[in-house]
Amino acid sequence: MHTPEELTELFRATGRKVTAQRQCIFRALQRNDTHPSAESVYESVRAELQTISLKTVYQTLHELAELGELHTLDLGTGAVRFDPNVEEPHHHLVCRSCGKVRDLHATYEGLEVPPGAAQDFEVASAEVVFRGLCGECRTGGRRRRDQRTSPTGRARTTQESKYRQDNNRQHNKRREPCPS
Ligand SMILES: [Zn+2]
Ligand SMILES: [Zn+2]
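Quick caveat: nothing in here was measured; it's all calculated off a predicted structure. (Residues numbered from 1 in each chain as written. Chains lettered and ligands numbered in written order. Predicted model: local features only at pLDDT ≥ 70, side-chain atom pairs only at ≥ 80, totals over all residues.)

*Asks:* I keep staring at the sheet that holds strand 3 (residues 91–95) and nothing clicks. Help me out?
*Replies:* Two orientations exist for strands paired in a sheet by backbone hydrogen bonds: parallel and antiparallel. Spatial ordering of the open sheet is given by 4-3-5, a layout of three strands whose pairing is mixed. Each edge of the open sheet carries a strand with a single partner, namely strand 4 (101–104) and strand 5 (129–132). Direction aside, the axes of adjacent strands within the sheet are offset by 25 degrees on average. For strand 3 and strand 4, the ladder comprises four bridges, and the chain directions are antiparallel. (Pairing = 2+ DSSP bridges. Helix = DSSP H or I, 4+ residues; strand = E, 2+ residues; numbered from the N terminus. Axes fitted to C-alpha atoms, helices over the stretch in contact; angles between N-to-C directions.)

See the structure below:
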């Protein structure tokens, strides 16, 4: 993903809207390796810009994806995740308990579609997703997990919500504040 300044240029050059809110979203995504959902980008930006709307966040994320600045990933964690690391092809480790997604840099030499199985399909790339339990969930996971259902009807563990909060807190500490 380009820098916030380059993204501002790119948005202008392609006739897209540039606002302080959008620039705040650009900054929230810089070197963000947590693979945030739109909701968690929203929570992170809202900590500094109370007036931001979830709709603005969705719109901006989709425009960034259109421009190839973000990859959208559906890893079965219940929400689409956004990955600003579009420069280096990589794979992912997904925690099936808290939904944490980590980059995995590895090459799988033998990874190929068996001859004949793809038929007319021309393979361009492949990504590997490993599912399991992250270190935190492995150590804390023996305690009974309290399942509850979110208003959207999807089950979310309290662990996942806690992870999202911790993640935002950690990421916010690292990034530059948005000018108000
Ligand atoms: Zn986990
Ligand atoms: Zn990634």
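*Asks:* It is not clear to me how the nonpolar core should be interpreted in this structure. Could you clarify?
*Replies:* Nonpolar side chains in soluble globular proteins tend to be buried together. The biggest cluster of nonpolar side chains holds 18 residues, and the ones touching the most others in it are Ile 25, Ala 28, Val 41, Tyr 42, Val 45, Val 57 and Leu 61. Within the residue set of this core, elements represented by two or more residues are helix 1 (4–13), helix 2 (20–29), helix 3 (38–46) and helix 4 (54–66). A total of five residues in this core trace back to one element, the largest contributor, which is helix 2. Once residues lying within four places of it in the same chain are set aside, the contact partners of Tyr 42 are Ile 52, Leu 54 and Val 57. With six residues, the next largest nonpolar core counts Val 94, Cys 95, Cys 134 and Cys 137 among its residues. (Core = buried A, V, L, I, M, F, W, Y, C linked by C-beta atoms within 7 Å. Buried ≥ 20, exposed ≤ 12 C-beta atoms within 10 Å, placed from the backbone. Contact = placed C-beta atoms within 7 Å.)

*Asks:* What exactly am I supposed to notice about the environment of His 71 here?
*Replies:* Relative to the elements of secondary structure, His 71 occurs in strand 1 (residues 71–73). Excluding anything up to four places from it in sequence, His 71 contacts Asp 83 and Val 86.

*Asks:* For this particular structure, what's the right way to read helix 4?
*Replies:* With 13 residues, helix 4 should cover 18 Å at 1.5 Å per step; its first-to-last C-alpha distance of 18 Å lies within 8% of that length. Buried residues of helix 4: Val 57, Thr 60, Leu 61 and Leu 64, and no others. Along the long axis of helix 4, the arc covered by the buried residues comes to 100 degrees, so they all point the same way. Seen from the open side of helix 4, the exposed residues pointing more than 90 degrees away from its buried face are Lys 55 and Glu 66. Looking at the buried side of helix 4, the elements it contacts are helix 2, helix 3 and strand 2 (81–83). Of the residues trailing helix 4, Gly 68 is marked for its positive phi of about 80 degrees. (Expected span 1.5 Å × (residues − 1). Arc of directions from axis to C-beta.)

*Asks:* Hey, could you run me through the packing of helix 3 against helix 4 in this one?
*Replies:* Pairs of packed helices are described in terms of their axes, by the angle between the two and the distance that separates them. Two elements in contact, helix 3 and helix 4, have axes whose closest approach is 9 Å; the angle formed by their N-to-C orientations is 120 degrees. In this view, helix 3 runs oblique relative to helix 4, as classed from their interaxial angle. Where helix 3 crosses over helix 4, the two elements pack in a sense that is right-handed. Of helix 4, the residues touching helix 3 (which contributes Ala 38, Val 41, Tyr 42 and Val 45) are Leu 54, Val 57, Tyr 58 and Leu 61. Tallied by class, the residues present in the contact of helix 3 with helix 4 amount to eight nonpolar, no polar and no charged. (Parallel < 35°, antiparallel > 145°, perpendicular 65-115°, else oblique. Left-handed = near helix turned anticlockwise from the far one by under 90°. Nonpolar A, V, L, I, M, F, W, Y, C, P; charged D, E, K, R; others polar.)

*Asks:* Is there a simple way to explain the pairing of strand 3 in this structure?
*Replies:* Consecutive side chains of a regular strand alternate in pointing toward one face of the sheet and then the other. With four bridges connecting them, strand 3 and strand 5 associate as parallel partners. Bridged to Val 94 within strand 5 is Arg 131.

*Asks:* Got a minute to help me understand unusual backbone geometry in this structure?
*Replies:* What you tend to see is this: most non-glycine residues have negative phi, and most peptide bonds are trans. The phi dihedral of Arg 31 falls on the positive side, at around 50 degrees, and the residue is not glycine. When you line up the elements, Arg 31 lands in the loop between helix 2 and helix 3. Even without being glycine, His 35 reaches a positive phi, approximately 50 degrees. Take His 35: it is sitting in the loop between helix 2 and helix 3. Taking the C-beta count within 10 Å as the criterion, His 35 has 23 such neighbours and is therefore assigned buried.

*Asks:* What's the story with helix 3 in this structure? I'm lost.
*Replies:* Burial analysis of helix 3 places seven of its nine residues in the buried class, which makes it a mostly covered element. Buried residues of helix 3: Ala 38, Ser 40, Val 41, Tyr 42, Glu 43, Ser 44 and Val 45, and no others.

Honestly, that's just the spatial picture; any functional story needs more than this.
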